Amino acid sequence: MRRGFYTKLAVTNIRKNSKTYLPYMLASSATVMMFYNLLYLLLSKDVNSMHDSSTLTAVLGLGSIVTGIFAFILLLYINSFLIKRRKKEFGLFNILGMEKKHIARIMLLETVMIGLLCIGLGLIAGVLFSKLALLLLLKILAMNASFGFEVPLRAVSITVILFGAIFLINLVYNVFQVHVSKPIELLKGGNVGEKEPQTKWLIALTGAAALGGGYFIALTVKSPLAALNLFFVAVILVIIGTYCLFTAGSIAVLKALRRNKRFYYRTNPFIAVSGMIYRMKQNAAGLASICILATMVIVMVSSTVSLYIGLEDSLRTNYIREISVSASDTTPDDIKQVDDAIAETVKIRGLSIHNPIRLRYASEAAIQDGNAFTGIRSAGFSSSGLSMLMFITAEEYHRIEGVSVELSEGEALVYIVKGKLPGETLDFGGYSLNIRGRLDKMETIEEFSPLKNSMLAQSYVIVTADEQDLNRARQALNEGEEWLPGFQYNYLFDTKADRKAQADLVSSLQYVMRDLSVHVFVEGREASKNEFISLYGVLFFLGLFLGALFILGTVLIIYYKQISEGYDDKERFAIMSKVGLSRGEIKKTIRFQVLSVFFLPLIMAVIHIAAAFPVICKLLTIFNMTNVPLYAICTALTILVFAVCYAMIYSLTARTYYRIVR
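Residues numbered from 1 in each chain as written. Predicted model: local features only at pLDDT ≥ 70, side-chain atom pairs only at ≥ 80, totals over all residues. Heavy atoms only, no water.

A few words on the overall build of the chain. Helices and strands together make up the secondary structure of the chain, namely 23 helices and 10 strands. Burial status across the chain gives 51% buried among its 662 residues. Of the contacts made within the chain by residues no fewer than 6 positions apart, 84% connect residues no fewer than 24 positions apart. In the form shown here, the chain has an accessible surface area of approximately 31400 Å², with 62% of it arising from carbon and sulfur atoms. (Helix = DSSP H or I, 4+ residues; strand = E, 2+ residues; numbered from the N terminus. Buried < 20%, exposed > 50% of the residue type's maximum accessible area, 1.4 Å probe, protein only. Contact = heavy atoms within 4.5 Å. Areas by Shrake-Rupley, 256 points an atom, 1.4 Å probe, with all protein chains shown as cover.)

The following block contains the structure:
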């Protein structure tokens, strides 16, 4: 054959298939650009020179991995559609005398051309928009931008390697599809030719059980720690349940509609339901994918937006006072040293102490079973029944609450922060305390964040007669261990000073506490604000970034699904037109069919989010986000915005579908 014949043929093929290849090329270029931009931010000197760069790079690194995996799945999905549409073309080449090795050569040239074009355009766009991405991130983080421009070669090389590998895998898949198919199979490869699928009750019931299990976990989880452990289990169950129900459950529902003669024997339902039954096997995976992607977009965007908007609330939840001083393993003499050092430093700075909270206590983690508590060492770590116990003496209770109590040896007062305590005794690994009374409130403890924001479902305050009784309970929990860590000491207070004065006071206290014989940790609300902004800001940025990427994936899946549906339905509606169906009736039937299927994933996504709402609220408390109404508003607004975008996508793709069918 003449030189350049295969190259010209490859170019001609791409041009003739531009309707299907152009979105694929745009999607590939867009994902290359987005992946490069994340790598650019990860490797940028501006980001790595920030004071809290470790948090930023960790989150951006995770985002890069997610983007790479998603790009791999998305481009493979689109490629599988493209090769299906082109099998007839390759089959014709084969029948006309072209060997499969020659077809493979054409496919190689097409892949190389498209791959080089997409990677090249994506990198050019990525380089051009990289500074804009950096400026957006710095704006969110409330940081000043620096002048200069850089192109990290490592980011370029990683991007080229990843997407080069994706295009290579697509090429291998395409060649394999053509190689194993006979010419007649290739000619009919774009046709549906499906037999009526059977109702697979086992898969449908498995899907219902998996979905029910995921919902049950999400609705019944009690603590952030349990939510953290079980969240991904629930996610996997919901994904399995979604795919099974769309695959098998949808067929069962459609067949049930067909049995309803009053509904089925009308023009629109008759054509739509009968058509969907025959093709639901191939429809189901796409619809389930759209549902999962929609859920991911809404959850990710609403969570990160609520975290960023509620940053001040989270900061105040974590730091109930402007200044927080905590000391571990303390004695009364150590506590006096800390108090004196704080008072002296505050005085030197010309400030005063307001709203102080001082609390001396001992804390233990234990496994609860009713009114019995077992030490972690004996029971082994388990999130089930894990409780936090705070022990204080009657003297300390009198000091912080101003209430005098008389307790004998072996007696205790109990305050339940979270959880339940049945019975009238407490058993700590064999040592018992009689419950003298149950406290209705403890104002200091109710405000004290370590227990109020505990990740555990159970938290209790135990007031004992004295330190000896307190230590007996602790030793029993620790299997009779003679040496136990000393008491924790927290001193929290406000200064009513400006931000700079608070930050300077924190620095001074940190310097002064180094000379003490006790280990002291000093934090300040304003001093820690930058760390919160860094974490919540980069999460907000990543949420918007990945949300845009997932929306792109959703649009493409819908677009190719509609094109596929259009080509499959073209001949059917041509036959319907020949037997007397008017153009208006065809359009009405198309609208009924598309609407029936199109909005099902969105409805299921909203149901998923409603079921996941409690567990996501628990997870957000890990980030000190306890403003549930704010998260509910952000979720509702995100669903509304996404639904509007979804309707716009429907409007555009429905027109494409109708044009193909017509």
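What follows concerns the environment of Asn-79. As for its placement among the helices and strands, Asn-79 is situated in helix 4 (residues 53–95). The spacing of Asn-79 and Asn-174 is 95 residues in sequence and 8.3 Å in space, taken between C-alpha atoms. Not counting residues within four places of it along the chain, the set of residues in contact with Asn-79 comprises Tyr-24, Asn-170, Tyr-173 and Asn-174.

Among the 7 residues of strand 8 (residues 458–464), 7 are classified as buried, and the element is accordingly described as predominantly covered. Residues Gln-458, Tyr-460, Ile-462 and Thr-464 point to one face of strand 8 and Ser-459, Val-461 and Val-463 to the other, with burial holding for every one of them. Sheet topology note: the strand 4 (residues 386–393)/strand 8 ladder contains 7 bridges and is parallel. Within strand 8, the residue paired with Met-388 across the bridge is Ser-459. (Pairing = 2+ DSSP bridges.)

We now examine unusual backbone geometry. The backbone phi angle of Asp-329 is positive, close to 55 degrees, even though this residue is not glycine. Note that Asp-329 resides in strand 1 (residues 323–330). On the basis of relative accessible area, Asp-329 is assigned to the partly exposed category, the value being 40%. With a phi close to 50 degrees, Asn-355 is a non-glycine residue in the positive phi region. With respect to the secondary-structure elements, Asn-355 resides in strand 2 (residues 354–369).

A contiguous nonpolar patch, built from Ile-65, Ile-69, Phe-72, Ile-73 and Ile-169 and spanning about 450 Å² of accessible area, is present on the exposed surface. In terms of residue count, the dominant contributor to the nonpolar patch is helix 4 (4 residues). (Patch = residues over 30% accessible without salt bridge, like charges linked within 9 Å, V, L, I, M, F, W, Y side chains within 5 Å. Salt bridge = Lys/Arg side-chain N within 4 Å of Asp/Glu carboxyl O.)

Quick look at the packing of helix 13 (residues 332–348) against helix 19 (residues 499–513) now. Look at helix 13 against helix 19: their axes get within 10 Å of each other, and the N-to-C directions meet at 140 degrees. Classed by the angle they form, the pair helix 13 and helix 19 counts as oblique. Our pair here, helix 13 against helix 19, has a crossing hand that is right-handed. For the pair helix 13 and helix 19, contact is made by Val-338, Ala-341, Ile-342, Thr-345 and Val-346 and by Leu-505, Ser-508, Leu-509, Val-512 and Met-513, respectively. (Axes fitted to C-alpha atoms, helices over the stretch in contact; angles between N-to-C directions. Parallel < 35°, antiparallel > 145°, perpendicular 65-115°, else oblique. Left-handed = near helix turned anticlockwise from the far one by under 90°.)

Another aspect to go through is the packing of aromatic side chains. Two aromatic rings, taken as a pair, are described by how far apart their centres are and by the angle between their planes. Applying the stated rule across the entire model yields 18 aromatic pairs. Look at Phe-642 and Tyr-646: their rings are 5.9 Å apart centre to centre, the planes differ by 35 degrees, and that puts the pair in the tilted class. Of this pair, Phe-642 and Tyr-646 both sit in helix 23 (residues 628–661), 4 residues apart, roughly one helical turn. One exposure class covers both Phe-642 and Tyr-646, and it is buried. Taken together through their ring pairs, the aromatic side chains of Tyr-319, Phe-532, Tyr-536 and Phe-623 make up a single cluster. One residue, Arg-358, lies across the ring of Tyr-491, its end atom 5.9 Å from the ring centre. Sitting over the face of the ring of Phe-487, Arg-360 holds its NZ or CZ atom 4.1 Å from the ring centroid. (Phe/Tyr/Trp six-rings, centres within 6.5 Å; stacked < 30°, edge-to-face > 60°. Lys NZ or Arg CZ within 6 Å of the ring centre and 35° of its normal.)

It is worth spelling out helix 1 (residues 5–16) at this point. Under the 1.5 Å per step criterion, the end-to-end length of helix 1 is 16 Å for 12 residues, consistent within 8% with the ideal 16 Å. Those residues of helix 1 that fall on the buried side of the exposure criterion are Tyr-6, Leu-9, Ala-10, Asn-13 and Ile-14. For helix 1, the arc enclosing every buried residue in end-on projection is 135 degrees, short of the 170-degree limit, so these residues lie on one face. Opposite the packed face of helix 1, turned more than 90 degrees from it, sit the exposed residues Lys-8, Arg-15 and Lys-16. (Expected span 1.5 Å × (residues − 1). Arc of directions from axis to C-beta.)

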